[in-house]
Amino acid sequence: MDTVKEIKKDFFINMGPQHPSTHGVLRVVLNVEGERVLSSETVLGYAHRGVEKMAESKTYVQMMPVMDRFDYVSSMLFEWGYVGAMERALGIKIPERAEYIRVIMGELNRIASHLLWVGAFLLDLGAFTPFLWVFDARERIMDMFEEVTGQRMTNNYFRVGGVKDDLTPQFMKMLDEFLKMIRERMKDTEELIESIIFLERVKDIGFITKEDVVNYSLTGPVARGSGVSYDLRKNEPYSVYDKIDFEVPLGEKGDCYDRYKVRMKEVIQSVRIVEQALNLLPEGPYAEKAPKVIKLPEGEYYNAVETSRGLLGVYLQSDGSTKPARFKLRDPAFSNLSILDKLLPGNKISDVVAILGSIDVVIPEIDR
Amino acid sequence: MAALTGSIFFNIILSIIGVMAVFTINALFAVWLERKVSAHIQLRLGPMEVGFHGAIQSAADGIKLIGKEIITPQGVDKKLFPLAPYLVFFPSLLMFVVIPFSEKLQVQDLNIGLLYFFSISCIATIGIFMAGWASNNKYSLMGAVRSIAQSIAYEIPIILSILGVIIIAQSLKLSDIVARQDIWFLVLQPVAFIIYIIAAIAELNRTPFDIPEAESELVAGFHTEYSGMRFAIFFMAEYTNMFLVAAMATTLFLGGWRGPILPPVVWFFIKTYAIVFLIIWVRWAFPRLRPDQLMNFCWKFLIPLALLNLLVTTFVLKLF
Amino acid sequence: MKASYFEKVKIGVSTIIKGLLLSFSYLLKKPVTLQYPHEKKVIAERYRGSIRLKRNETGELKCIACGNCERICPASAIKMETFTPEGEKKKKLSEYYVDLGLCIYCGLCVDSCPVDAIEHSIVYEVAEVEKDKLVLRLDTLGEKNA
């Protein structure tokens, strides 16, 4: 009998929870043969804190600092979703000035998030310089936040009825200086980044088709990079976005390069939004009188906003008391990450890093 | 040093002292230069605390590394694991023998100096593989395998690019090559210079070719399991190799120690450190290549270009 | 990247040269960093640093021991002990603990105080080597802050 023992050539590599390419604690188990990936499995839950259960034992006011800590690179967009749901429940309409302040803060957060993403993406690919150039720009945004809200990152600024404090003249001065330097810095960063080496690493890798976008419910720049034009600020405008003129950049092919390009263009569009909001900013109160103890009437309430990663949905179910009965987040990065197991097979190990980077995940928001 | 003093004994002592001095000062200076250049490109300051603008920072780091615990993991090969760093490091010291620092400061002016230089540099590849294999670590082995493929592949463009210089100078002796550079060979062979620099950066395992020691990729590189003094030796080997490659580039293309007014040794070091600056500058501007793109680049672009350069050189020489 | 050989060569040479020249131009610019701890940043007025209890003109604490700050803290970092002196109806503060290791510097305690007796200072250098030193009490609350 002639038995030839087949040598198994594939083996498992663990891109473990502690990994040098940032993004937090994510584990991807790859089955590789040589350099090619045969299959992959994503394991989540290393940063699970049980926040949705925790919300049931905290009052609505006490949950506000916790909302910051989901997506810590752009906290106020998450706060906006939460505050919007409560205002919808209580039927409060907030003053114009507060709406414009919220838009300015939200768009600055979006710029900060995309800047950090560009730096981290290039850091994974091996270029160390763009990381520091964009962090210089991001530091100026952090300084502006410290001026108005009191903290650089987890701001706790939005309140039911408006915002906590008004803008200061020093903030306006800092914002003017920032708007003058950001366009040139983005142009320089793009020029440094787009060398032939980067284009080879990133173009024609990780294609996401339009059917995938619909089937896996992808939103945000991941969807827009494939040509699906879905931006909550244009499709179902909330706040004062219908009064502001901006474009929604779209990609064509759906590879990593298109997603990168969409985010870079979104930064410039956000700068346009901030400039227009500054011009349209009216005088007036910055917050409406809201009840000191917040009790939502019985029922279910839902609010959606467009964060830097996609569509965030906040669902609150109230039974009339000061604490929610159920709190649920529809998280954009969680849905976006679900496509990773489809994209990876067939690519090389170095491409795994590029694809994971282009999807833009922040783990605390996924694991909640 | 062949012509420096009469007796052979003093020549040997002076050579040893000279090589150790150059090697130590280079290790201190090149590391400081790299940190300062990278910092200023990134709009920050770099080392400033220790000494004037961080001048003795490298010495402080060296003292720290000497004091660290030398950890040997459990399943490593007991004989090969400690030997590997030294095998990577000693060829660099041997390569100092043929470099002409000035007319009289050359340890031994071999007839086949150029051939000797590039042959000895291949021994370091064995050391890298030994480090990767003996570490008993999946990731180190993958890093080492990639590194060997890269080193072997990029030897060829280096040799092909300097063939043009050899044909023009008609000698393998390094002092002859310097003596015949009334016009710098950079003017006569610009393409060869560029190919040499690119292939040399690949040989050094530096970005954009630093897949073997990439920190943000999944594999952590062939020198992960080394700590303390052994890691310091790998580190010093890389910077010494950088100096040697730059020294060879000045000898072959930039006219060696020739230059007006200043003493020849000073010109040599100025030109060498200009090339070192170029190598550092390239590192901080670009991301890294994927391993298969790296091999594609070598075989499909650099080697045809080097052969073309050789063809054109011989053609032009035959005509004039 | 799917492109022809010569196109790649052209893109390659032009982008590499542009990248090198751009990074060289940044080499000549002034650095933007501050050398901490020799140079420190100017902190904004509204910065939420570590907690401080306010005193009025006579030197007494303004706190009326209502317990709002203790109830609203999301991280349970504030604990207070009160007592009712003989013959008076109002409560007074006997001891006040703030655990800076638990505090998340959110500012809800400052917002919820009815008499404006608690505030944030702009001190952010609160690191200690031992965990017990992180708990501020009534006597250290004043001394630790600028």
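Parameters and conventions
All residue numbers here refer to positions counted from 1 along the written sequence of the relevant chain. The lettering of chains begins at A and the numbering of ligands begins at 1, in the order of writing. With the structure being a predicted model, the display of local features is reserved for residues of pLDDT at least 70 and the display and counting of side-chain atom pairs for 80 or more, all residues being used for whole-chain, interface and lining totals. Here a helix means four or more residues in a row that DSSP labels H or I, a strand means two or more in a row labelled E, and each is numbered from the N terminus. The globule rule is 2.2 Å times the number of residues to the power 0.38, and the radius of gyration it is compared with is taken over C-alpha atoms. Whether two residues are in contact is decided by their C-beta atoms, placed from the backbone, lying within 7 Å. One requirement defines pairing of two strands: DSSP has to find at least two bridges between them. Any residue outside Ala, Val, Leu, Ile, Met, Phe, Trp, Tyr, Cys, Pro, Asp, Glu, Lys and Arg is labelled polar, Gly included; the first ten of those are nonpolar and the last four are charged. In this analysis, axes come from line fits to C-alpha atoms, helices being fitted only over the stretch in contact, and the angle between any two N-to-C directions falls in the range 0 to 180 degrees. What sets the label is the angle itself: under 35 degrees gives roughly parallel, over 145 gives roughly antiparallel, 65 to 115 gives roughly perpendicular, and the rest give oblique.

Draft legend 1. Main features of the overall build of chain A. The secondary structure content of chain A amounts to 15 helices and 8 strands. Relative to the compact-globule value of 21 Å for 368 residues, chain A shows a C-alpha radius of gyration of 22 Å, a close match. Taking the contacts inside chain A whose residues are at least 6 apart along the sequence as the reference set, 71% of them involve residues at least 24 apart.

Draft legend 2. Looking closely at the sheet that holds strand S2 (residues 78-83) of chain C. Residues and elements named next belong to chain C. In spatial order, the strands read S2-S3-S5; together these 3 strands make up an open sheet with antiparallel pairing. Strand pairing shows two members of the sheet lacking a second neighbour, S2 and strand S5 (135-136), which therefore form its edges. With 2 bridges connecting them, strand S3 (residues 92-99) and S5 associate as antiparallel partners. The partner of Asp99 across the bridge, within S5, is Val135.

Draft legend 3. Spotlight on the interface of chain B and chain C. Chain B puts 10 residues into the contact, and the matching count from chain C is 11 residues. Elements with a contribution of two residues or more to the side of chain B that touches chain C: helix H1 (8-41) and helix H11 (264-285) of chain B. If one sorts the elements of the side of chain B that touches chain C by residue count, H11(B) sits on top with 3 residues. Looking at the side of chain B that touches chain C, its residues break down into 8 nonpolar, 1 polar and 1 charged.

Draft legend 4. Local environment of the interface of chain A and chain B. Each partner contributes to the interface: chain A provides 26 residues, whereas chain B provides 21 residues. Residue composition of the side of chain A that touches chain B, by class: 15 nonpolar, 5 polar and 6 charged.

Draft legend 5. Summary view of the packing of helix H3 (residues 75-90) of chain A against helix H4 (residues 96-125) of chain A. All names here are of chain A. At a minimum axis distance of 7 Å, the contact between H3 and H4 shows a crossing angle of 135°. Judged on the interaxial angle alone, H4 and H3 are oblique. Contacts between H3 and H4 involve Ser75, Met76, Leu77 and Trp80 from the former and Arg102, Met105, Gly106, Asn109 and Arg110 from the latter. The residue inventory of the contact of H3 with H4, partitioned by class, reads 4 nonpolar, 3 polar and 2 charged.

Draft legend 6. Seen up close, the pairing of strand S6 (residues 299-306) of chain A. Residues and elements named next belong to chain A. Pairing of S6 with strand S7 (residues 311-318), which is carried by 8 bridges, proceeds in the antiparallel orientation. Considered in S7, the bridge of Gly299 is made with Ser318. Turn length for the S6-S7 hairpin, with the two strands adjacent in sequence and antiparallel, is 4 residues, and the turn residue Gly310 shows positive phi of about 150°.

Draft legend 7. Seen up close, the sheet that holds S6(A). Residue and element names in this part refer to chain A. Read across the open sheet, the 3 strands follow the order S6-S7-S8; overall the sheet is antiparallel. Taken across any chain shown, the strands that pair with only one partner, and hence form the sheet edges, are S6 and strand S8 (326-330). Mean inter-strand twist for the sheet, computed between neighbouring axes without regard to direction, equals 15°. Note: S7 against S8, 5 bridges, orientation antiparallel.

So yeah, pure geometry; function would need other evidence.
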